[in-house]
Every structure is written in C-alpha cells, then in structure tokens.
Amino acid sequence: PEDTVTSSFASFISAARAEHLSQTVRQRSKRMILDSLGVGLVGSTTRVFDIALRYCRLYSSVAVSSVYGKPGVKLSPTLAAFTNGVATHSMDFDDTWHPATHPSGAVLPALLAASQMLPQNTKPSGLDFLLAFNVGLEVQGRLMHFSTEAHDIPKRFHPPSVVGTLGSAAATAKLLSLSSAQCCHALGIAASLAGAPMANAATQAKPLHVGNATRLGLEAALLAARGMEASPLILDDIPGCSGFSAFYSVYQPKPLPAPGQQDHQFLLEKQDIAFKRFPAHLGMHWVVDAALSVRNLFVNYAGSFSPALIRSILLKIPVSKYINRPFPSSEHQARHSFQFNACAALLDGEVGLGSFSESSIQRQELRELLGKVVVEHPEDNVANFDKMYGEVALLLHTGDVLTGKCDTFYGHWRKPLSKESLLKKFRSNASHVLPEEKVEAIIALVDNLEDLSDSSQL
C-alpha cells in the first residue's frame, strides 16, 4: 500500500543519500561510532562476552566477520554481530539517546559484519557505511517518538531490543541497497524478532538484548533480500490487529518525510547523544555527579572524607524499580544501583571500571555506607532522562547537612563530552586489547570515514 507509515519508512531507507547528511550529523555519528568501538573493545574482556563467544563458536559456518578484541577470530556475519553487540552492552558503557535507547550498539556491529560479508567487488565505501549507520539511528529515533510512554525510563521491555532490532534491519537494508519493498519487509520481519523484558536488567542476560537486536536486524534484512515477505503495515496503527503498536500502550505513528524534503531533518541534527563517563546505567551518572559534588563540600568541611561522621545519606531519585537496588551483590546489579554508585563515588572520589569488581562491591566500608542510605522520590523528579535529577544529602552527626545536586551531568546531550574527553575514553577502552598504533589507526579511520574506499577495513 502507498501512503502508509510503513511505506514512508521503507521509502526513506531506500531513498536516503549521503548528501542528505549535514556536517553536524556526520560529525556526531562518527563520534558515536568511535565511542561504540571503544566500548565494544573493552567489553570483549568481560565474562558475559566470553560466554557469548564460546556459544557462537559451537557453530561451523562461513567465518568472515571479525570479533571485538580477538585478533584472528572470525565468525559468521550474524554471530559476529551478536557477539560484538553483547560486548558493546556488557558493561552498560554504551551511548544513550532520548527517548531512552542505546542506538549505536544495535546498529554498528551489524554493519561491520555485513561489510566483511559482501564480495570484494561490492564492498560499501566509508560514506555508504556512515549513511547506513545514520539511517539505522533515524529509524530508531522516529519509532521512539511515536509513544509518550517511550520518553520515560522503561518498565516493561528494554528499548534497544525493540527499536534497535528495526534500526539494525533498516541500516543493513540500506548497506545492502535493498529496494523500497524489500526494506518494508525487513522492518516487518524485524518486528517479529524484537523484544526483551526488563526483568533481565542487572543480569548477564541484559547484554544479550543488544546482541540480539543487531544480529536479528541483520538477519531480517538478509531474509528480505532473499524474498521473505512480512506485513506491509507493520508500523501503522491498525485497530484490532497490532503491529509495532504491540509494544506500546499509547502509539501514534506518523509518516517519515522523504530525505531532502524541507520538512525532514535528521533527529541527530536536533539532539546530540549522551556518552557515559563510567560503565553503568545512565541514571547513575546524575547521582554520581551529585555525590562527587557533596563529597567536595564534605572534604572542605572536615578536612578529609570520614564516613564515621555521616549519620545518614539521603538520595532524592526518580521512581524506577530496576535501578533502585539497596545492596547489590553482583557487578551487573551494581551498575544498576543508585545506592551503590552514590556510595562508591563518596568513598573513592570517582567511579570507573574497577568500581564494579567483586572485591570493590564487597568492601566492608562500602557496605557500611550502603546501610546509611535513605531514598526519597520527590514528585518533581520524574523517571525521564531529559527531566530527572539526582540529589545526595549527607546528614552528619553534628546535625549539619551537606547537599549536592545534579540536573545535567557531563556527557548528557545537553552537556556533551568534549572531543578531548571522548578521545580519552576511547583510548582508555581500546588500549585494554589493542596496541597504541592500532588504537590511533582506528581514530584516524573513523575521523576520515567519508574518504574510506572499503568500509570493511574498519
């Protein structure tokens, strides 16, 4: 059918051209690619990545696609995408957008795998790669804007497992130069492969959500390329027959304007991405900055940080059950605990990779601080990454109260990381598995991605 929401998305994917990408969009998306590569590389050192990789190596297949952090190891394109997606989200260190999702990890591994899969004489250029990446971002962002429910911290399903799967399908369809009809079917197939419940947050299963999104989106595009068909109305709101609306209680889809038209502007042009400074759920970044602020006040007050002077620690945070964890017992629970991240920041003056080791989590002094935490949920502190704040108050035995508050942390889309900070993060992450010369080579490749003749070199 013509003039439907689904057909408008399919037409957009097929019709998008490199000249439709502004300089702002190009630069912002290249920053996302670089950050996601670094996060994936350091993520390849985790236990959950190792489990995923050992699982994938059970299968004998055409092994042509590379695996993060494992020189010489190659898998089939879909399994490489899956494994690299798991790596990207293994530490919850990957970028975040608003409405809430992790856009890069769901798209980049699929494009990297597909680039290596294609025959030598049909390799996409770096510019082709950049365009496909942005198509995948745009589809995710537009889908998230179809429901007011998506603007809040999720409760039912993990967004990248839903919009990320369709974003991966769209990006791969673009890289493979599928027709508009095939793009439509790729979206429909991807919708049948999407979804993961929030109950698996703060467990080793959560990184599978991003791994599956990028893998299954790639599979959807490959199936569509081979003639598989799906509903041509998958994104439309059809009463009595849910398509994509099955994921949202409120769903109001709108056609996607054609690229280049006056009424179309890439969402990345309007809103930047949040890059994380430490490997934890995005909500943690507010309480950590607030905790560091009040810690400085405490040191000025007492001369040093002395937990014995603290009677209680008051956290004012939004209501979100899966990140309200008073006594986390594993690294994944700790990455999703307001209480842990506030106390780790207070105790150590920072939060980093080492903060989530078992020895760090089980420290007696940290457990004692956790026992002093009291949580409040002010009505004006809503569970929304664009509106929430974090506040940490120390109630001292002297009766004095010291307070730190953060409504926009450094790295938020309203307060983006500088180029220097982003490069520092990438170099730190990538250096865990790559020598310095290769780390610098990746930086140069991404910075000049438009000039790359063969994107599989990435």
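Position labels on residues start from 1 in each chain and follow its written sequence. Restriction of local features to residues with pLDDT of at least 70 applies here, the model being predicted, together with a cutoff of 80 or more for giving and counting side-chain atom pairs; totals for whole chains, interfaces and linings are based on all residues. The basis for the side-chain values is all heavy atoms of the structure; hydrogens and waters are excluded.

1. Remarks on the overall build of the protein
Helix and strand content of the protein: 17 helices and six strands. Relative to the globule expectation of 23 Å for 458 residues, the C-alpha radius of gyration of the protein, 22 Å, shows essentially globular dimensions. When the backbone C-alpha atoms are referred to their principal axes, the protein occupies close to 70 × 50 × 40 Å. Under the scheme applied here, a residue whose accessible area is under 20% of the maximum for its type counts as buried, over 50% as exposed, and between as partly exposed, the area being computed with a 1.4 Å probe on protein chains only. When the 458 residues of the protein are sorted by exposure, 60% land in the buried category. Every residue pair with non-hydrogen atoms within 4.5 Å of one another is taken to be in contact. Sequence-distant contacts, at least 24 apart, represent 77% of the contacts inside the protein between residues at least 6 apart. The Shrake-Rupley method, run with a 1.4 Å probe sphere, supplies the accessible areas, and residue values consider only the shown protein chains as cover. Total accessible area computed for the protein in this model is approximately 17,700 Å², and 50% of it derives from carbon and sulfur atoms. Across the protein, the mean location of the 40 positive side-chain charges is 4 Å away from that of the 41 negative side-chain charges. Under the DSSP-based scheme used, a helix requires at least four consecutive residues in state H or I and a strand at least two consecutive residues in state E, with every element numbered from the N terminus. Only the C-alpha atoms count toward the radius of gyration. The rule for a globule is 2.2 Å times the residue count to the power 0.38. By the counting rule applied here, Lys and Arg register as positive and Asp and Glu as negative, while His and the ends of each chain are not counted. Think of each charge as sitting on NZ of Lys, CZ of Arg, CG of Asp or CD of Glu.

2. Details of the layout of surface pockets
If you add up the space inside the largest pocket, you get close to 570 Å³. As for the largest pocket, its lining consists of 27 residues, and the residues nearest its centre are Ser66, Val67, Ile442, Gln457 and Leu458. Secondary-structure elements contributing two or more residues to the lining of the largest pocket are helix H2 (23-43), helix H4 (77-89), helix H5 (108-117) and helix H17 (436-447). With five residues, the single largest contributor to the lining of the largest pocket is H5. Three residue categories are used. Nonpolar comprises Ala, Val, Leu, Ile, Met, Phe, Trp, Tyr, Cys and Pro, charged comprises Asp, Glu, Lys and Arg, and polar comprises the others, including Gly. Here the lining of the largest pocket is built from residues that sort into 15 nonpolar, nine polar and three charged. Cavity and pocket criteria rest on a 1 Å grid covering protein atoms alone: a 1.4 Å probe that fits but cannot get out defines a cavity, protein on both sides within 12 Å along at least 5 of 7 lines defines an open pocket, and an atom within 4 Å of a point defines a lining residue. Grid points are joined across faces, edges and corners, and a volume is the space filled by probe spheres set on the points. What the second largest pocket holds in volume is close to 450 Å³. Secondary-structure elements contributing two or more residues to the lining of the second largest pocket are helix H11 (284-302) and helix H16 (419-430). Looking at the lining of the second largest pocket residue by residue, the class counts come to nine nonpolar, four polar and five charged. An automatic or database domain assignment provides the domain bounds reported here. Of the residues that make up the lining of the second largest pocket, three or more belong to each of domain 1 (5-277 + 416-457) and domain 2 (282-406).

3. Some points on a nonpolar patch on the surface
On the surface, a cluster of nonpolar side chains totalling about 350 Å² of accessible area is made up of Tyr55, Leu58 and Tyr59. Among the secondary structure elements, leucine 58 is positioned in the loop between helix H3 (47-56) and strand E1 (65-66). Patch membership requires over 30% relative accessible area and the absence of a salt bridge. Like charges are linked within 9 Å, and nonpolar side chains (Val, Leu, Ile, Met, Phe, Trp, Tyr) within 5 Å. Definition used for salt bridges: Asp or Glu carboxyl oxygen within 4 Å of a side-chain nitrogen of Lys or Arg.

4. A look at the nonpolar core
Counting 97 residues, the largest nonpolar core has Leu235 and Phe244 as its most contacted members. Broken down by element, the residue count for this core peaks at ten residues, all from helix H6 (residues 126-144). Excluding anything up to four places from it in sequence, leucine 235 contacts Val5, Thr6, Phe9, Leu143, Leu166, Leu187, Phe244, Tyr251 and Pro253. Core analysis: the next-biggest nonpolar cluster, separate from the first, contains 49 residues, Leu282, Ala290, Ile317 and Ile323 among them. By nonpolar core we mean a set of buried residues, namely Ala, Val, Leu, Ile, Met, Phe, Trp, Tyr and Cys, connected to one another through side-chain atoms within 4.5 Å.

5. Details of the environment of aspartate 380
Checked against the element boundaries, aspartate 380 lands in the loop between strand E4 (373-376) and strand E5 (390-396). Sequence separation between aspartate 380 and alanine 186 is 194 residues, and the spatial gap between their C-alpha atoms is 41 Å. At a separation of 2.9 Å, a polar atom in the side chain of aspartate 380 contacts the side chain of tyrosine 389. Counted as a polar contact is a pair of N or O atoms within 3.5 Å, where, for protein atoms, one must be capable of donating a hydrogen and the other of accepting one, and residues adjacent in sequence contribute only when both atoms are in side chains.

6. Description of H4
Given a helix with a known number of residues, its expected span is that number minus one, times 1.5 Å. The end-to-end C-alpha separation of H4 is 19 Å, in line with the 18 Å expected for 13 residues at 1.5 Å each. Of all 13 residues in H4, 13 are buried, a share of seventy percent or more.

7. Examining the domain arrangement of the protein
Buried accessible area, meaning the area lost when the parts come together, often serves as the stated size of an interface. With domains assigned, the protein is organised as domain 1 (5-277 + 416-457) and domain 2 (282-406). Using only C-alpha atoms to locate each centre, domain 1 and domain 2 end up separated by 32 Å. Taken together, the contact pairs 22 residues of domain 1 with 18 residues of domain 2. Run the count over domain 1 and domain 2 and you get one salt bridge. Between arginine 277 and aspartate 289 there is a salt bridge, and its shortest N-O distance comes to 2.6 Å.

8. Section: the packing of H2 against H16
It is at 7 Å that the axes of H2 and H16 come closest, and there the two elements cross at 25°. Relative to H16, the element H2 lies roughly parallel. For the pair H2 and H16, the crossing hand works out as left-handed. Across from Arg31, Leu34, Asp35, Leu37, Gly38, Val39, Leu41 and Val42 in H2, the residues of H16 making contact are Leu422, Leu423, Lys425, Phe426, Asn429 and Ala430. Here the contact of H2 with H16 is composed, by residue class, of nine nonpolar, two polar and three charged. Geometry is summarised by axes, namely lines fitted to C-alpha atoms with helices restricted to the contacting stretch, and by angles between N-to-C directions that run from 0 to 180 degrees. Just so you know how the angles are binned, under 35 degrees is roughly parallel, over 145 roughly antiparallel, 65 to 115 roughly perpendicular, and the rest oblique. Left-handed describes a crossing whose near helix is turned anticlockwise from the far helix through less than a right angle; right-handed describes the clockwise counterpart.

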